[in-house]
Amino acid sequence: MGDLEPNTSRTIGEKSSFVDFSNTEVAFAHKSDKELRKAGWLFRLMNKKWLVDLSSSMALIAVRWRMPLSKWLIKATIFDQFVGGESLYECQDKIKKLWQNRTLTVLDYGAEGKSEEEDLDEARDQFMQAIEFAAAHESVPVVSIKVSALSKNSLLEAIQSKESLTIHEVELQSRMEKRVEDICKSGYQHGVKIFIDAEESWIQDTIDHLVEAMMEKYNQEKVIVYHTFQMYRKDRLTYLKHCFELARSKGYLLGAKIVRGAYMEKERERAEEMDYESPIHKTKDDTDNDFDLAMQFCLDHYEEIASCAATHNMRSCMLQAQLIGSRSLPRNHPNLNFCQLYGMSDHITFNLANAGYNVAKYVVYGTVKEVVPYLTRRASENTAVKGEFSREYGLIRKELRRRGLI
Ligand SMILES: Cc1cc2nc3c(=O)[nH]c(=O)nc-3n(C[C@H](O)[C@H](O)[C@H](O)COP(=O)(O)OP(=O)(O)OC[C@H]3O[C@@H](n4cnc5c(N)ncnc54)[C@H](O)[C@@H]3O)c2cc1C
């Protein structure tokens, strides 16, 4: 994603690649006492699964029916923790604060599940505005997009599964492709990188073909378009290597965001229901193993692959830091990046930033109504059941104690 200008004191190829992720002073330096207390309170509430389940369904209904106070309540709590703002303008303070703490921003317009053509054009326009905003702010080198925000899901699925499309579907397909192309072209013209998210396996082939075409077109001199590789899929390490060979043979550069994958339950349920072999690894260890191999592969070819380890997993982040160190590469090499979601894993983000690595937060933005589905996913991810909560809350408590606040 690039060098961070404010961090001028970075040294190149440092001896020690140890990053202390338990340093809460660095992790929460950007939060005032009041903000830290509020975050602690929120993560404590999110420990209660019944409360998260209940408030998630209530939030959806309340926002849909415009119930009084619902928007204000969501905005003052979970929205404030995990979302940049309702508009690009509203995100500015948070982006500035990240930048002051040596952290870049990846803008992520959070609208999901739209299907009318005019709404899809409107989403394309939102992404284009984000690119213009990014071009004017050096703290924002990347805009992230989801192909499913630019097309009906059923169309993406039909393109992947059908042998022939109807005339109407062919027309919708070319409109969808044009939207993606418009965005990548604008990214290229403005020098703003475009991360294209990976989605469900039944629409991912369609996305793969599009991203490959966009990379071939716009990654000739430098990496503008980044593909996303979900390492919970059994076939993705091979696919990453295939993409690398393809890029090499056609003479362009590969952009690779490496993730574990967000749709595991959905993927498994569908495979079982429709009686085909699940594309997802059987165990977490297998996913972890492929994630680390993928990171290693990108590092081995760092001159031809610009990569981003998009993860909240401390061990993977430490491994990437160690690999950078053991190869004596500059910590802030523009092709070696880390990324976490806004509001989560600050102990990873800000300790990496403090140690001189390129690190960014995905800053989601959109109206409260638009981002409620995103928020309910964040809330359920942070319940005690998934284990995230205790880690986040434990670290906040440690910092509250260090500041003498509890
Ligand atoms: C900046 C950023 C961008 C992202 N972009 C995308 C994207 O484009 N597409 C996308 O799909 N996801 C995306 N994600 C989400 C990501 O895929 C993970 O769901 C999430 O980050 C949790 O994984 P982890 O590596 O952070 O941590 P961990 O907590 O170490 O890993 C949890 C993940 O491991 C995998 N897993 C868990 N249990 C098992 C099991 N029993 N068997 C096999 N695998 C298992 C699942 O993928 C699960 O989400 C993104 C995440 C971040 C931080």
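Each value, and the rule that gives it
Position labels on residues start from 1 in each chain and follow its written sequence. The predicted nature of this model means local features are confined to residues of pLDDT at least 70 and side-chain atom pairs, given and counted, to a pLDDT of 80 or more, with totals for whole chains, interfaces and linings taken over all residues. Here a helix means four or more residues in a row that DSSP labels H or I, a strand means two or more in a row labelled E, and each is numbered from the N terminus. Three exposure classes are used, based on other C-beta atoms lying within 10 Å of a residue's own C-beta, which is placed from the backbone: buried for 20 or more, exposed for 12 or fewer, and partly exposed in between. Two residues qualify as a contact pair if the distance between their C-beta atoms, derived from the backbone, is within 7 Å. Placing the C-beta atom from the backbone, one calls a residue near a molecule or strand if that atom lies within 6 Å of it. In this analysis an axis means a line fitted to C-alpha atoms, helices contributing only their contacting stretch, and an angle means the value between N-to-C directions, from 0 to 180 degrees. In these notes the angle categories are as follows: under 35 degrees is roughly parallel, over 145 is roughly antiparallel, 65 to 115 is roughly perpendicular, and the rest is oblique. In this scheme the handedness of a crossing depends on how the near helix is turned from the far one: anticlockwise by less than a right angle means left-handed, clockwise means right-handed. For this scheme, ten residues count as nonpolar: Ala, Val, Leu, Ile, Met, Phe, Trp, Tyr, Cys and Pro. Four count as charged, namely Asp, Glu, Lys and Arg, and the remainder, Gly too, count as polar. Remark: nonpolar core denotes a set of buried Ala, Val, Leu, Ile, Met, Phe, Trp, Tyr and Cys residues whose joining runs through C-beta atoms within 7 Å. Between the first and last residue of a helix there are one fewer steps than residues, each counted as 1.5 Å, and that sum is the expected span. For two strands to be treated as a pair, DSSP must find no fewer than two bridges joining them. Here a crossover is taken to be right-handed if, once the strands point away from the viewer, the path from the first strand over the helix to the second is traced clockwise.

Asker: Honestly, the overall build of the chain in this entry has me stumped. Any pointers?
Answerer: Across its full length, the chain carries 16 helices and nine strands. Taken across its 406 residues, the chain has 46% of its residues classed as buried. Within the chain, contacts between residues separated by at least 24 positions form 77% of all contacts whose residues are at least 6 apart in sequence.

Asker: Quick question: what am I supposed to make of the site of the ligand here?
Answerer: In the vicinity of the ligand lie 24 residues, with D197, R260, A262, A310 and T311 positioned nearest. Secondary-structure elements contributing two or more residues to the shell around the ligand are β5 (225-230), α12 (284-300) and β8 (336-341). By residue number, the principal contributor to the shell around the ligand is β8, which donates three residues.

Asker: Would you mind going over the packing of helix α8 (residues 167-190) against helix α9 (residues 201-218) with me for this structure?
Answerer: Each pair of packed helices gets described by two things: the angle between the helix axes and the distance between those axes. Where α8 meets α9, the closest approach of the two axes is 11 Å, and the angle between their N-to-C directions is 30°. In terms of orientation, α8 and α9 fall into the roughly parallel class. The two elements α8 and α9 cross, and the hand of that crossing is right-handed. Residues E177, V180, C184 and Y188 of α8 form the contact with α9, whose participating residues are L210, M214 and Y218. Residue composition of the contact of α8 with α9, by class: six nonpolar, no polar and one charged.

Asker: Please explain the nonpolar core as it appears in this structure.
Answerer: The nonpolar side chains of soluble globular proteins are, as a tendency, buried together. Counting residues in each nonpolar core, the largest one holds 111 residues, and the members touching the most others are V143, I194, V225 and I258. The residues contacting V225, other than those within four sequence positions of it, are C184, I194, I196, V211, M214, M215, Y218, N219 and G255.

Asker: For this particular structure, what's the right way to read α9?
Answerer: Along an α-helix, a turn takes 3.6 residues, which lines up residues three or four apart on a common side. Between its first and last C-alpha atoms α9 spans 25 Å; for 18 residues at 1.5 Å apiece the expected length is 26 Å, and the two agree. For α9, every residue scored as buried is listed here: S201, I203, Q204, T206, I207, L210, V211, M214, M215 and Y218.

Asker: How should unusual backbone geometry be read in this particular structure?
Answerer: Most peptide bonds adopt trans geometry, and most residues besides glycine take a negative phi value. Unlike most non-glycine residues, D275 shows phi in positive territory, near 60°. Take D275: it is sitting in the loop between α11 (264-274) and α12. For D275, a count of 6 C-beta atoms within 10 Å translates into the label exposed.

Asker: I keep staring at the environment of L45 and nothing clicks. Help me out?
Answerer: Of note, L45 is situated in helix α2 (residues 33-45). Its 17 C-beta neighbours within 10 Å are what place L45 among the partly exposed residues. Considered as a pair, L45 and A379 are 334 residues apart in the sequence and their alpha carbons are 9.7 Å apart.

Asker: Even after reading the chapter, I still don't get the environment of S144, so can you show me in this structure?
Answerer: Mapped onto the secondary structure, S144 falls in strand β3 (residues 142-145). Spatially, the C-alpha atom of S144 lies 9.3 Å from that of A130, the residues being 14 residues apart in sequence. Residues within four places of S144 in sequence aside, it is in contact with V106, L107, D108, F195, D197 and Y362.

Asker: Looking at this structure, how should I read the pairing of β8?
Answerer: Remember that side chains alternate between the two faces of the sheet whenever the strand is regular. Where burial is concerned, most of β8 is hidden: five out of the six residues are buried. Bridge analysis of strand β7 (residues 305-310) against β8 gives four bridges, and the strand direction is parallel. Residue pairing for β8: S307 is matched across the bridge by L336. Between β7 and its parallel partner β8, the chain crosses via helix α13 (residues 314-326), and the hand of that crossover is right-handed.

Asker: What am I meant to see in the packing of helix α7 (residues 153-161) against α9 here?
Answerer: The N-to-C vectors of α7 and α9 enclose an angle of 75°; their axes lie 8 Å apart at closest approach. By the criterion of interaxial angle, the relationship of α7 to α9 is roughly perpendicular. In contact with N153, L156, E157, I159 and Q160 of α7, α9 contributes W202, I203, D205 and T206. Its residues placed into classes, the contact of α7 with α9 shows four nonpolar, three polar and two charged.

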